Amino acid sequence: MSFSLLAPDFALELIEQSGLLLEALRKADAKLVTAESCTGGLVAALLTHHAGSSDVTEGGLVTYSNSMKRSVLGVGTATLQKFGAVSAETVREMAAGALGVAQDATHSVSVSGIAGPGGGSADKPVGLVWFGTAVRDGDVQADFRIFKGDRTAIRSQAAMHALNLVLQRVWLTSSYIKRALEG
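Residues numbered from 1 in each chain as written. Predicted model: local features only at pLDDT ≥ 70, side-chain atom pairs only at ≥ 80, totals over all residues. Heavy atoms only, no water.

1. Overview of the environment of P125
- Along the chain, P125 falls in the loop between strand 3 (107-113) and strand 4 (128-135).
- C-alpha separation for the pair P125 and A115, spaced 10 residues apart in sequence, amounts to 9.3 Å.
- P125 has contacts with I114, G120 and I146, leaving out every residue within four places of it along the chain. (Helix = DSSP H or I, 4+ residues; strand = E, 2+ residues; numbered from the N terminus. Contact = heavy atoms within 4.5 Å.)

The structure is reproduced here in structure tokens:
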């Protein structure tokens, strides 16, 4: 039996994509903090795989339980009771809370989902993952995907989507893009 935190089909692409994100953060003079549940710190691990990543990576918060989401990130008890941990509302609060914890971060990403093999339901199937992204002094967005595969594949795909979402937010909020759009 082999053991890997990354699905073999995604491993190289994840390492490359995390490197691209680090470069984009540097060019934008931005810093990132992660708040992860089902990925268990995988996004932060991918970023810190690269030497020198500390200049743009503030850190990662693994808030797997609801009590950690509440106490570390400030996710509301009412939010968790009404919508559950795997919801747009929760990942928005996780992303905003991560920026509150990491005062030097300009961007955050949060991930909460059902990686399986159990734990799914008709409303929230295995593979459902919600993502939140926040920009300091900007908006907080939520997005979801339903991934297929085993636990490792779902977590790997979720990490890739989180990296891509942050990359998009960095590009859209960078001063270079703002200047180009302003004319």
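2. A few points about the pairing of strand 1 (residues 32-36)
- Counting buried positions along strand 1 gives five out of five residues, so the element sits mostly inside the fold.
- Along strand 1, one buried face is formed by L32, T34 and E36 and the opposite face, lined by V33 and A35, is buried too.
- Between the parallel pair strand 1 and strand 2 (residues 57-62), the chain is carried across by helix 2 (residues 42-48), and the sense of this crossover is right-handed.
- Sheet topology places strand 1 next to strand 3; five bridges connect them, and they run parallel. Note that in strand 3 the partner of T34 across the bridge is V109. (Buried < 20%, exposed > 50% of the residue type's maximum accessible area, 1.4 Å probe, protein only. Right-handed = clockwise from strand over helix to strand, strands pointing away. Pairing = 2+ DSSP bridges.)

3. Thoughts on the packing of helix 1 (residues 11-27) against helix 6 (residues 151-173)
- Running from N to C, helix 1 and helix 6 point in directions that differ by 20 degrees, and their axes come no closer than 10 Å. One finds that helix 1 runs roughly parallel with respect to helix 6. Here helix 1 runs over helix 6; the crossing is left-handed. Contacts between helix 1 and helix 6 pair E13, L14, Q17, S18, L20, L21, A24 and L25 from the former with S156, A159, M160, L163, N164, V166, L167, V170 and W171 from the latter.
- The class makeup of the residues in the contact of helix 1 with helix 6 is 12 nonpolar, four polar and one charged. (Axes fitted to C-alpha atoms, helices over the stretch in contact; angles between N-to-C directions. Parallel < 35°, antiparallel > 145°, perpendicular 65-115°, else oblique. Left-handed = near helix turned anticlockwise from the far one by under 90°. Nonpolar A, V, L, I, M, F, W, Y, C, P; charged D, E, K, R; others polar.)

4. Observations regarding the nonpolar core
- Core analysis: the largest hydrophobic core is formed by 30 residues, its most contacted members being L21, V129 and F131.
- Those elements that provide at least two residues to this core are helix 1, helix 2, strand 3, strand 4 and helix 6.
- Per element, the largest residue contribution to this core is 10 residues, and it comes from helix 6.
- Ignoring any residue separated from it by four or fewer positions in sequence, one finds L21 in contact with L32, L47, L163, V166, L167 and V170.
- In this structure, V33, A35, L61 and M94 belong to the second largest nonpolar core, which totals 20 residues. (Core = buried A, V, L, I, M, F, W, Y, C linked by side-chain atoms within 4.5 Å.)

In short, geometric facts, not functional conclusions.
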